[in-house]
Amino acid sequence: MRKILDHHVAILLGIVVVGSVIFNVWSPWQFTEIASNWEFIDFTVKVTWWICGVAFVLLGLFMAWAIWRYKYHESGESHYEPEHPVLESWLTIITSIGVVIMLAPGLIVWDDYVQVPPDAMEVEVLGEQWTWKFRFPGEDGIFGTTSVKKNVERGPDGTTFEPNITSLNPFGMRDGDPHGEDDILIASNVLHVPLDRNIKVVMRSKDVLHDFWVPEIRAKMDMVPGMITYFWFRPTRTGEFEILCAELCGRSHHNMRGTMYIDTQEDFEAWLDSQVTWAEMKAGQVPEEPIVAKGRQVADQNGCFACHSLDGTSVVGPTWQGLWGREVVLDDGSTVIADEAYIVESIVEPNVKLVEGFGSVMTPYAFEDDEMEALLRFLQETAK
Amino acid sequence: MAEAAQTNQGPLTTIVDDWSSDVTTFKAVPWGKAMMWIFLLSDTFIFTSFLVSYMAVRMTQTDAWPYPSEVFSLEAFGTPVPLLLIAIMTFILITSSGTMAMAVNMGYRKRKVAVFWLMFATAMLGLSFVGMQAFEWTKLIGDEGVKAWQNPMGAPQFGSFFFMITGFHGLHVSAGVVYLLLVAIRVLRGKYDNTSFEIVEITGLYWHFVDLVWVFIFAFFYLW
Amino acid sequence: MATAEIPYQETVPLHHPKTWIGKYVFSQDHKVIAVQYGITAIAVGLVALFLSDLMRIQIAYPGFMEWFVEDYYYQAITMHGMIMVIYLLTAFLLGAFGNFTVPLMCGARDMVFPFVNMLSYWVYLISVIILLLGYIPGLGGPTGAGWTLYPPQTITEGTPGADWGIMTMLASLAVFIVAFTMGGLNYITTILQARTRGMSLMRLPLTVWGIFVATFLGLLAFPALFVSAIMMILDLRIGTSFFMPAIVSLGQTLAHDGGQPLLFQHLFWFFGHPEVYIVALPAFGVVSDLISVHARKNIFGYRLMVWALVFIGILSFIVWAHHMFVAGMHPYFGFFFATTTLIIAVPTAIKVYNWILTLWKANIKLTVPMLYALSFVLTFIMGGITGLFLGNVIIDIPLSDTYFVVAHFHMVMGVSPILAIFGGIYHWYPKLTGRMLNDTVGKWHFWITFLGTYIIYFPMHYLGFIGVPRRYYENFDSSFYPASAQTLNEIITWTALVVGVAQLLYIGNLVHSYFYGKPAGDNPWGANSLEWCTPDTPPSHGNWGDKLPTVHRWAYDYSVPGSDKDFIPQTVPQGQSS
């Protein structure tokens, strides 16, 4: 007992090392089951895991042993040996070999990762605060070009431009590009991809940095505004997977979720056929009354669609589809009819009557009378 | 170099000796001078970061970049002469390095009055540089419509980088002018009579550095 | 080696303060400045510690603190990170340890320019105040962009504090850089040009070497941060587009055009990676000295340790983009930066081997500072090997932006340097105050802190493996990891709360022992380096009395065969043993 007390430091350090190993073996928290071709990433992790694990255990236990063995004695004297070049060289060499063994497979897989197979089908992911949109190149296999602004004019008095990304053109498709007409636009955060096809994910962002990440796929890459980034993968099992944003993108970063389904080829094609192309989307847009169009513009410019969708999906705030005149449940359990009075109140003092299931994140907005009127007309139209 | 090591008197051996000696690493280098050198090394990294950022943005720019010899031309005797003003400014700054070097030389000989006037001349040349820079800025802003955030001729980054980097350099020159005048007055008043005139040399180091930086700015902004 | 030369500083008159304010407030004495730096850094560090506990409660029990909304959470992660890295670790290791140890260990009377040194502290204090201004009500709170401050989100409306919060942050950083430069120039010049007779560079204790290399890194790396701060302020305030491409921020098409978000990341990490070593290298140095002194054995492979420091310092400038493997930069950079990153593991591993080999055949006194040093080594090994995962580009792909990263950098540059700081304070407190700290309290604090932080961060790596993303205000039930992950989060939170409170033990110990501690004597640990050879304890103004000491040997002559004591101070001539 006395001996244990004397050597408690060595013993506790030893327990920390051994405990770490036991934790690793028994831990229920391991890599999630993979759903893509990147098993080699998992293999590289394992190689690194073993080399580092062995080094950790050896160094840790040696330290604990040395503390036990060479504990201070009045009569004791340490060994005076400033340097030991042979030992130091050997340790350097062994470490270097370990590093090479870890690095080599890593670089080989990386080479694979950055070179997309030529037969890969393309899908574009568009990130925005705080949701996802997707685009397929359509029959011609070529994405139409996009832009954030149009009609940019420079002059000594400044630069003028018109926004090109609006609720009527959520992808910012550029006018007059024939490749864009057949592009399939998916303006919701649900993506389907086919099994066993090489898929190149091309990514862009409307606003800030995002990162398209499905943990089971292993691959991820940031989406950077002003740039197009990419990665590729091949799905290896069907199922439903969560899409996460892995790069801090503002106050609702954690809400930026989506779903990716890996389908069989037939299911995927059936789904893809049911989606609209850019040409169809444009054709379906009937001209709006001027006041409704103005309301849409107000909503566009004030960023309402960042949180409120028009298609029934809940993003950060409740959807506007069918909102007008509907009965809504508030977070205190009471109900209220979403009439003009309630909606105006929710714009001016948004956090007073919260809809159940939504947080108090909206900032109050003050509109001019004519803007408010237009916005309300637009909301009324959308509900139809 | 191997030969030098064998005879124990080559430059490499001297460096090794200096670095392995006690008390000071750089022999006969006063503290202030050593500190100025290290500061300038740090400052070099600031200007390098500015210029590398400028290069990176310019090379990846899709918008048009203005043609420097047109933007920076000056009307002389009825015809536009490209880079006329810049040439004069550069000439002035390099001349000021010359007067500074002469001041340092006089400092070694402890000729106070000569040191004062040479440093004063250096400061005046620096001041005229800053003045011309102000003139160039007003011309660019007023006549050409280039602002830090806009540029009627193309990429707005042209104005952003130009004003930021030349402005930062101009601040260095202005600070240098104040520094020069302060030291010059102190020299004249005899503050350093009983010690050495190393402060003149230290001021000179800073001034030459500011000059050198200008050469790079000149090359990257006006000649590229 | 010539030792006849009279050090210039023996002839320089010292500035002697005449008033109480001159002596203790606007003091030019490096020891007082060190204490000022230390107290300020600890005070602001406690703010960051408090923020981290708030974050932990939110992660484990979302909804428990209803008032703690998203904005507060993201502001807390930002302020916690920035305070810990810059205003606590950098300021403490260089400002406090640097100021205290450099003149004493080099045998100097003070820093070469004491007035500039004094300014350095006061400017640092101003930077801390500007930083905390972000919390003034009405300004919209500090920035919530994460300590990396990546544009465009830093200055767009979707991020808390995008208006004034980011301004105070950037202004504070710029001011801090000015303060650091004034201090750093002093450390470097003092080490290079103002050592005492016989003190060659290769006789300097490793603490000074660590501080020396780290300060160099700081002087060359902070400029990149300074420049990016200026450019971001211009983007924010006058509408330039350095980092801002054309974007649609929350529905509004901004006027910006043609900037590069990645340029900021390159500048930031050109500073940010050396910054890791600015924090790590002084800690390496301190730990090397603590281990050697308390193991009563010379540090193993001193020369290799020095060269490893220098190589790590140089290499740290060519590895920065390993923070950007998933940032969207050209993928071929991955090959280069993964290789350089893993190469840097070799000198780092050598340092670890040499610490451990110092213990081998030693005569180890398990004093409290030694406990901190030993735990540093174990924690650092853990943090170092997980770095090998993240440095290897392809492994970084699944693990980046998960809790694996959080666990890794907390182990390697959070907990490790903090343990070194605790050990260092414990070691030098007797010299600074003339009194010993209380060992019982010290041991309690040590075990709670060491085991606690290990329990916090070791399992956190596994949260990363199962894919729990970092910087999430709230983790909803996700399909890809078991629900038990939340249990683990709760365990981590409770441990973090205990560890957080336990820090009061250490602070209480510092205060109490200052008045009631056991008198220490001149050299309580039996250490060799020069600071233990001062004629007075605590050292008086000017440190050395009339004449500077003369150094005859390196700082590690412990247990030399044939000597009657187990240590021989550096001032003892060769051939004598005491």
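Residues numbered from 1 in each chain as written. Chains lettered and ligands numbered in written order. Predicted model: local features only at pLDDT ≥ 70, side-chain atom pairs only at ≥ 80, totals over all residues.

A.B. asks: How should I be thinking about the overall build of chain B in this particular structure?
C.D. replies: Across its full length, chain B carries eight helices and two strands. Ordering the α and β elements of chain B from the N terminus gives α-α-α-α-β-β-α-α-α-α. Taken against the 2.2 N^0.38 rule, which gives 17 Å for 224 residues, the C-alpha radius of gyration of chain B at 22 Å runs more than 25% over that of a compact globule. The principal-axis extents of the C-alpha atoms in chain B amount to approximately 60 × 50 × 30 Å. For chain B, buried positions account for 33% of its 224 residues. Of all intrachain contacts in chain B linking residues separated by at least 6 positions in sequence, the fraction that spans at least 24 positions is 65%. (Helix = DSSP H or I, 4+ residues; strand = E, 2+ residues; numbered from the N terminus. Rg over C-alpha atoms; globule rule 2.2 N^0.38 Å. Buried ≥ 20, exposed ≤ 12 C-beta atoms within 10 Å, placed from the backbone. Contact = placed C-beta atoms within 7 Å.)

A.B. asks: Looking at this model, I keep getting lost on the sheet that holds strand 13 (residues 276-277) of chain A. Mind explaining?
C.D. replies: For sheets, the rule is that strands pair by backbone hydrogen bonds, running either parallel or antiparallel. All names here are of chain A. Ordered by their spatial adjacency, six strands build an open sheet running 10-7-1-2-5-13, and the pairing between neighbours is mixed. Looking at the sheet topology across the chains shown, the edges are occupied by strand 10 (229-233) and strand 13. Sheet analysis places strand 1 (residues 121-128) next to strand 7 (residues 199-205), joined by seven bridges and oriented parallel. Bridge pairing in strand 7 links Glu-122 to Lys-200. (Pairing = 2+ DSSP bridges.)

A.B. asks: I keep staring at the environment of Arg-58 of chain B and nothing clicks. Help me out?
C.D. replies: Within the secondary structure layout, Arg-58 of chain B lies in helix 3 (residues 31-59). Separated by 97 residues in sequence, Arg-58 of chain B and Ala-155 of chain B have C-alpha atoms that sit 8.8 Å apart.

A.B. asks: Just to check I follow, could you spell out the pairing of strand 6 (residues 190-194) of chain A for this structure?
C.D. replies: Both faces of the sheet carry side chains from a regular strand, because those side chains alternate between them. Residues and elements named next belong to chain A. Of all five residues in strand 6, four are buried; the element is thus mostly enclosed. Pairing between strand 6 and strand 12 (residues 257-263): five bridges, direction parallel. Within strand 12, the residue paired with His-192 across the bridge is Tyr-261.

A.B. asks: Quick question: what am I supposed to make of the pairing of strand 1 of chain A here?
C.D. replies: All names here are of chain A. Of all eight residues in strand 1, six are buried, a share of seventy percent or more. Across five bridges, strand 1 lies against strand 2 (residues 131-136) in antiparallel orientation. Residue pairing in the sheet places Glu-128 in a bridge with Thr-131 of strand 2. Between strand 1 and strand 2, which follow one another and run antiparallel, lie two residues.

A.B. asks: How should I be thinking about the interface of chain A and chain C in this particular structure?
C.D. replies: Often, the extent of an interface is quoted as the loss of accessible area on bringing the components together. With 91 residues of chain A in contact, the opposing surface of chain C contributes 97 residues. The set of elements that each furnish at least two residues to the side of chain A that touches chain C consists of helix 2 (8-26), helix 3 (39-69), helix 4 (85-114), strand 4 (158-163), strand 9 (220-223), strand 11 (239-245) and helix 8 (290-301) of chain A.

A.B. asks: What exactly am I supposed to notice about the confidence of the model for chain B here?
C.D. replies: In low-pLDDT regions, the fine details of the predicted coordinates are not to be read closely. With 96% of its residues at a pLDDT of at least 70, chain B reaches an overall mean of 88. Both confidence scores are given for the complex: pTM 0.93, ipTM 0.92. (pLDDT = per-residue confidence, 0-100.)

A.B. asks: I would appreciate a short explanation of the nonpolar core in the present structure.
C.D. replies: What tends to happen in soluble globular proteins is that the nonpolar side chains get buried as a cluster. Within the largest apolar cluster, 341 residues are counted, with the highest numbers of intra-cluster contacts made by Leu-13, Met-63 and Ile-67 of chain A together with Phe-92, Val-287, Ile-356 and Val-377 of chain C. In terms of residues, this core owes the most to one element, helix 3 (residues 70-106) of chain C, which gives 25 residues. Discounting chain neighbours no more than four positions away, the residues touching Val-287 of chain C are Trp-355, Ala-373, Phe-376, Val-377, Ala-420 and Gly-423 of chain C. Core analysis: the next-biggest nonpolar cluster, separate from the first, contains 15 residues, Cys-304, Leu-310, Leu-323 and Leu-375 of chain A among them. (Core = buried A, V, L, I, M, F, W, Y, C linked by C-beta atoms within 7 Å.)

A.B. asks: Sorry, what's going on with the interface of chain B and chain C here?
C.D. replies: Across the boundary between the two partners, chain B contributes 33 residues, which contact 40 residues of chain C. Secondary-structure elements contributing two or more residues to the side of chain B that touches chain C are helix 3 and helix 7 (157-189) of chain B. Considering every element that reaches the side of chain B that touches chain C, the biggest residue donor is helix 3 of chain B, with 14 residues. Of the residues that constitute the side of chain B that touches chain C, the class distribution is 20 nonpolar, eleven polar and two charged. (Nonpolar A, V, L, I, M, F, W, Y, C, P; charged D, E, K, R; others polar.)

A.B. asks: Explanation requested: helix 2 of chain A in the structure shown.
C.D. replies: For helix 2 of chain A, built from 19 residues, the straight-helix expectation of 27 Å at 1.5 Å per residue is met to within 8% by its first-to-last C-alpha distance of 26 Å. Burial in helix 2 of chain A covers these residues: Val-9, Ala-10, Leu-13, Val-16, Val-17 and Ser-20 of chain A. For helix 2 of chain A, the angular spread of buried residues about the axis comes to 125 degrees, placing them on one side. For helix 2 of chain A, exposure combined with an orientation more than 90 degrees from the buried face picks out His-8, Ile-22, Val-25 and Trp-26 of chain A. Each element contacted by the buried residues of helix 2 of chain A is listed here: helix 3 of chain A together with helix 10 (368-391) and helix 13 (439-465) of chain C. (Expected span 1.5 Å × (residues − 1). Arc of directions from axis to C-beta.)

A.B. asks: What's the story with the sheet that holds strand 8 (residues 210-213) of chain A in this structure? I'm lost.
C.D. replies: All names here are of chain A. Read across the open sheet, the five strands follow the order 6-12-11-8-9; overall the sheet is mixed. Strands with a single pairing partner mark the edges of an open sheet, and in this sheet they are strand 6 and strand 9. Averaged over all pairs of adjacent strands, the angle between their axes in this sheet comes to 25 degrees, without regard to strand direction. Where helix 6 (residues 265-273) meets the sheet, its contacts fall on strand 6 and strand 12, and the angle it forms with strand 6 comes to roughly 140 degrees. (Axes fitted to C-alpha atoms, helices over the stretch in contact; angles between N-to-C directions.)

A.B. asks: So what exactly am I meant to see when it comes to unusual backbone geometry here?
C.D. replies: With glycine set apart, most residues show a phi of negative sign, and most peptide bonds adopt trans. Residues and elements named next belong to chain C. Of note, the amide linkage connecting Pro-151 to Pro-152 takes the cis form, showing an omega dihedral of 0 degrees. Within the secondary structure, Pro-152 is located in the loop between helix 4 (114-133) and helix 5 (165-193). A cis amide bond links Thr-537 to the next residue, Pro-538, at an omega of -10 degrees. With respect to the element layout, Pro-538 can be found in the segment after helix 14 (484-516). Phi is positive for Leu-149, which is not a glycine, with a value near 55 degrees. In this fold, Leu-149 is placed in the loop between helix 4 and helix 5. Positive phi values are uncommon outside glycine, yet Arg-471 reaches one of about 60 degrees.

A.B. asks: What should I look at first to understand the packing of helix 7 (residues 261-294) of chain C against helix 9 (residues 333-359) of chain C in this one?
C.D. replies: Geometry of a packed helix pair, given as the angle between the helix axes and the separation of the axes. Residues and elements named next belong to chain C. Packing of helix 7 against helix 9 leaves a shortest axis separation of 9 Å and a crossing angle of 15 degrees. One element, helix 7, and the other, helix 9, form an angle in the roughly parallel class. As helix 7 runs across helix 9, the sense of the crossing is left-handed. Here helix 7 contributes Phe-284, Val-287, Ser-288, Ile-291 and Ser-292 to the contact with helix 9, which in turn contributes Lys-351, Trp-355 and Thr-358. For the contact of helix 7 with helix 9, the per-class residue count stands at four nonpolar, three polar and one charged. (Parallel < 35°, antiparallel > 145°, perpendicular 65-115°, else oblique. Left-handed = near helix turned anticlockwise from the far one by under 90°.)

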